[in-house]
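A structural walkthrough
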Amino acid sequence: MEKLTVELGARSYPILIGDGLIREIGAHVAPLLKRPRTMIVTDSHVADHYLAALGTALAMENISFSSFVLDAGEATKSWAGLARLTEWLIGEGIERRDHVIALGGGVIGDLVGFACSIVKRGCHFIQVPTTLLAQVDSSVGGKTAINVPAGKNLIGAFHQPAMVVIDPTTLETLPRRELGAGYAEVVKYGLIDDADFFAWCETNGAALLAGDSTARAHAIGHSVAAKARIVAADERETQDIRALLNLGHSFGHALEAETGYSDRLLHGEAVAAGMVLAHQFSAANGLCPAADAARVRDHLASVGLPHSLTSAGINTGGAELAAHMAHDKKVRGGKLPLILSRGIGQSFVTDEYGLDAVAAFLDGQRGA
């Protein structure tokens with residue numbers, strides 16, 4: 001087992017990574033509990049695979065639990081989903097010192113984290129991510145939220161988990177498309193500030209997606225360590241350090257909004273296309289070598305991820321896509337900071353470019 005720590009002073013918490021940890025989770029969770037009771041929240045897909053094993057592991061430590069199974073999919077991360085969950089937690093008699101276990105992908109982690117930030121003015125939660133995207137990104141850092149018609153993650157709070165437990169064997173039951181969507185977030189860490197890791201991805205990404213356990217373990221450990229370092233340096237994104245983690249997201253969220261946050265385009269797929277667009281926009285404005293933008297596009301295309309508007313199923317005008325971006329929660333003084341690039345591993349934040357310039361660029365990408 002590998003153990004990392006998100007260093008946040010008195011609110012620091014461990015990240016445990018190891019094959020089979022779900023079957024041992026009771027021993028790791030028990031020291032956190034003020035009473036031997038917890039609540040598990042998961043979705044219908046994950047419940048079929050891992051709810052029983054998690055329950056058995058808790059029972060071995062004499063920890064009682066109740067469980068709540070939500071519908072799988074992005075639509076659950078909504079006002080309606082939040083209402084159902086918070087009412088259930090209150091009905092279960094949750095106390096402020098209790099810990100709720102979020103067993104699932106990014107949707108479950110985000111929803112449970114937000115619910116725990118507001119129920120009884122705040123209680124604890126433990127992340128047990130079961131998708132690659134959640135394991136390498138969304139389970140760490142304390143960003144919790146729901147989606148609303150105006151945009152993705154616009155209603156939420158910073159609420160750090162008490163612990164993150166990552167069992168890479170859960171990826172064995174993950175559909176190939178979901179695995180690919182998570183891989184986009186792995187690539188992101190190389191593109192932000194680690195050109196060597198991006199080169200590693202170019203060499204090993206296909207093996208990871210084919211099930212190579214060594215490549216999988218390296219990608220998860222490296223990505224989580226990078227995320228923990230960035231969160232510790234800029235927890236609430238008050239500087240531009242943590243903002244770099246949004247590489248590809250401003251473009252990607254617009255694509256998700258255009259597809260109605262549906263299964264037409266998964267979050268990680270949108271991020272993949274968004275990272276290509278960010279590098280191409282950078283190249284078009286003389287910031288990034290065109291060859292580097294091409295490397296990003298070619299690698300993501302090689303592993304079957306969306307790498308253009310067309311491959312993402314988008315044929316919408318630039319003005320419409322830019323209008324989605326205007327609702328981005330990062331807007332400051334009417335300007336949207338973009339994460340652009342000076343080359344592989346050289347991302348930076350700028351508000352130099354207005355949405356009109358972005359719209360014109362996106363118009364030029366239609367049909368590409």
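Here's what I pulled together on the structure shown here.

The rules we used
- Residues numbered from 1 in each chain as written.
- Predicted model: local features only at pLDDT ≥ 70, side-chain atom pairs only at ≥ 80, totals over all residues.
- Heavy atoms only, no water.
- Axes fitted to C-alpha atoms, helices over the stretch in contact; angles between N-to-C directions.
- Helix = DSSP H or I, 4+ residues; strand = E, 2+ residues; numbered from the N terminus.
- Left-handed = near helix turned anticlockwise from the far one by under 90°.
- Contact = heavy atoms within 4.5 Å.
- Pairing = 2+ DSSP bridges.
- Buried < 20%, exposed > 50% of the residue type's maximum accessible area, 1.4 Å probe, protein only.
- Polar contact = N/O pair within 3.5 Å; in protein donor to acceptor, adjacent residues only side chain to side chain.

This brings us to the packing of helix H6 (residues 176-193) against helix H10 (residues 267-284). Orientation of H6 relative to H10, taken along the N-to-C sense of each, is 35°, at an axis distance of 7 Å. Considering the relative orientation of H6 and H10, their crossing is left-handed. Of the residues in H10, those touching H6 at Arg177, Ala181, Ala184, Glu185, Val187, Lys188 and Leu191 are His267, Gly268, Glu269, Val271, Ala272, Met275 and His279.

Further remarks concern the sheet that holds strand S1 (residues 2-6). Here seven strands make up an open sheet; going across it, the order is S1-S2-S9-S6-S5-S3-S4 and the pairing mixed. Because the sheet does not close on itself, it has two edges, and the strands there are S1 and strand S4 (64-70). Ignoring which end each strand starts from, the neighbouring axes of this sheet average 20° apart. One ladder, built from five bridges, connects S1 with strand S2 (residues 13-17); its direction is antiparallel.

Before going further, it helps to examine the environment of threonine 173. Mapped onto the secondary structure, threonine 173 falls in the loop between strand S9 (163-166) and H6. Relative accessible area serves as the criterion here: at 38%, threonine 173 is assigned to the partly exposed category. Along the chain, threonine 173 and proline 129 lie 44 residues apart, while their C-alpha atoms are 13 Å from each other. Among the polar contacts listed, one links the side chain of threonine 173 to the side chain of tyrosine 50, at a separation of 2.6 Å. Engagement of the side chain of threonine 173 in a polar contact is seen with the backbone oxygen of threonine 170, the distance being 3.1 Å.

A few words on the pairing of strand S7 (residues 143-148). By the criterion of burial, S7 is predominantly enclosed, with five of the six residues buried. In sequence, S7 turns back onto strand S8 (residues 151-158) through a hairpin of two residues.

Among the structural elements, isoleucine 230 can be located in helix H8 (residues 213-233). Placed 224 residues apart in sequence, isoleucine 230 and valine 6 show a C-alpha to C-alpha distance of 9.3 Å. Sequence-distant contacts of isoleucine 230, defined by excluding residues within four places in its chain, comprise Ile241, Arg242 and Leu245.

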